[in-house]
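Architecture and fold: a report
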Amino acid sequence: MKTLYLLRHAKSSPYSPTGGDHDRPLNDRGRRDAPRMGRVLRKVDGSPEHVLCSTSARTRETADLFLERCKYKGEVDYLDEIYEAEPEALHRAVARQGDADRLLMIGHNPGTELFLCRVIGGPEAILRVPTCALTRIDFDIDEWADIDRVNGMLVWHLIPAVINEL
Ligand SMILES: O=C(O)[C@H](O)COP(=O)(O)O
């Protein structure tokens with residue numbers, strides 16, 4: 001079995017030090033939510049085995065805060081192809097992964113939401129993915145390349161608005 005965790009970056013600031021979208025950092029809410037969600041993953045399931053992350057500043061900052069609290073000690077693959085990606089590109093990035101059974105991918109909307117809805121076999125917009133939402137999907141497969149073969153099973157879907165009330 002393979003487990004995929006999808007994390008949309010935490011809330012970002014509209015202001016970029018360079019003027020470019022790629023360089024926009026998180027805002028205060030995002031910096032508060034990302035470590036809280038990392039702690040939740042550590043408590044619920046433990047740390048992932050491997051991490052894929054978009055190269056943007058907001059996803060990198062989310063990864064730093066989330067993974068520190070999650071106590072993840074491995075490598076992070078920062079991939080340009082995840083930045084503002086279509087769901088097909090996210091699918092390709094996951095499908096070529098190797099041995100890790102528990103993979104975390106940190107990306108953007110609308111791609112993350114569309115990809116999630118597709119892999120669980122639902123219509124588009126069956127689930128809303130706000131910033132810093134974290135979702136676990138299990139696949140009854142031995143290789144990530146077989147991700148097309150079965151629908152993923154939605155195990156849980158956590159959003160900061162709920163987590164922050166606990
Ligand atoms: O996930 C997203 O919607 C894009 O990365 C844009 O980010 P933003 O909604 O924080 O501006």
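Anyway, here's the lowdown on the structure attached to this text.

Thresholds applied
- Residues numbered from 1 in each chain as written.
- Predicted model: local features only at pLDDT ≥ 70, side-chain atom pairs only at ≥ 80, totals over all residues.
- Heavy atoms only, no water.
- Salt bridge = Lys/Arg side-chain N within 4 Å of Asp/Glu carboxyl O.
- Helix = DSSP H or I, 4+ residues; strand = E, 2+ residues; numbered from the N terminus.
- Pairing = 2+ DSSP bridges.
- Axes fitted to C-alpha atoms, helices over the stretch in contact; angles between N-to-C directions.
- Contact = heavy atoms within 4.5 Å.
- Buried < 20%, exposed > 50% of the residue type's maximum accessible area, 1.4 Å probe, protein only.
- Patch = residues over 30% accessible without salt bridge, like charges linked within 9 Å, V, L, I, M, F, W, Y side chains within 5 Å.
- Areas by Shrake-Rupley, 256 points an atom, 1.4 Å probe, with all protein chains shown as cover.
- Lys, Arg positive; Asp, Glu negative; His and termini not counted.
- Charge placed at Lys NZ, Arg CZ, Asp CG, Glu CD.
- Phe/Tyr/Trp six-rings, centres within 6.5 Å; stacked < 30°, edge-to-face > 60°.
- Lys NZ or Arg CZ within 6 Å of the ring centre and 35° of its normal.
- Polar contact = N/O pair within 3.5 Å; in protein donor to acceptor, adjacent residues only side chain to side chain.

Enumeration over the complete set of coordinates arrives at twelve salt bridges. Residue Asp33 is joined to Arg29 by a salt bridge in which the shortest nitrogen-to-oxygen separation is 4.0 Å. Note that Asp33 and Arg29 are positioned in helix 1 (residues 28-44) at a spacing of four residues, about one turn of the helix. One network of salt bridges, with partners in common, ties together Asp21, Arg24, Arg58 and Glu84.

As a further point, take the sheet that holds strand 3 (residues 76-79). The strand order across the open sheet built from six strands is 3-2-4-1-5-6, with neighbouring strands paired in mixed fashion. The strands lining the two open edges of the sheet, one partner per strand, are strand 3 and strand 6 (153-158). With direction set aside, neighbouring strand axes in the sheet form an average angle of 20°. Contacts from helix 3 (residues 87-95) reach strand 1 (2-8), strand 2 (50-54), strand 3 and strand 4 (102-107) within the one sheet, and its direction differs from that of strand 4 by about 150°.

This paragraph deals with the pairing of strand 2. Counting buried positions over the five residues of strand 2 gives five, a clear majority of the element. Both strand 2 and strand 4 contribute to a ladder of four bridges, which runs parallel. Each bridged residue has a counterpart across the sheet, and for Val51 the counterpart in strand 4 is Leu104. As judged from the four bridges shared by strand 2 and strand 3, these two strands associate in the parallel manner. Bridge pairing in strand 3 places Val51 opposite Val76.

A contiguous patch of positive charge on the surface is contributed by Arg36, Arg39, Lys43, Arg69, Lys71 and Lys73. The biggest single contributor to the positive patch is helix 1, with three residues. Topologically, Lys73 is positioned in the loop between helix 2 (57-70) and strand 3.

Attention shifts here to the packing of aromatic side chains. In the structure shown here, the tally under the stated rule is two aromatic pairs. Ring geometry for Phe139 against Trp144: centres 6.2 Å apart, planes inclined by 70°, an arrangement best described as edge-to-face. In this structure, Phe139 and Trp144 share a single accessibility class: buried. Stacked on the ring of Tyr78, the Lys or Arg Arg60 has its end atom at 4.2 Å from the ring centre.

Where like charges cluster on the molecular surface, the negative patch consists of Asp99, Asp140, Asp142 and Glu143. Here Asp142 shows up in the loop between strand 5 (134-139) and strand 6. Classification of Asp142 as exposed rests on a relative accessible area of 61%.

Quick look at the side chain of Gln97 now. Considering the arrangement of structural elements, one finds Gln97 in the loop between helix 3 and strand 4. Judged by relative accessible area, which is 15%, Gln97 ranks as buried. Polar side-chain contacts of Gln97 include one of 2.9 Å to the backbone oxygen of Ala93.

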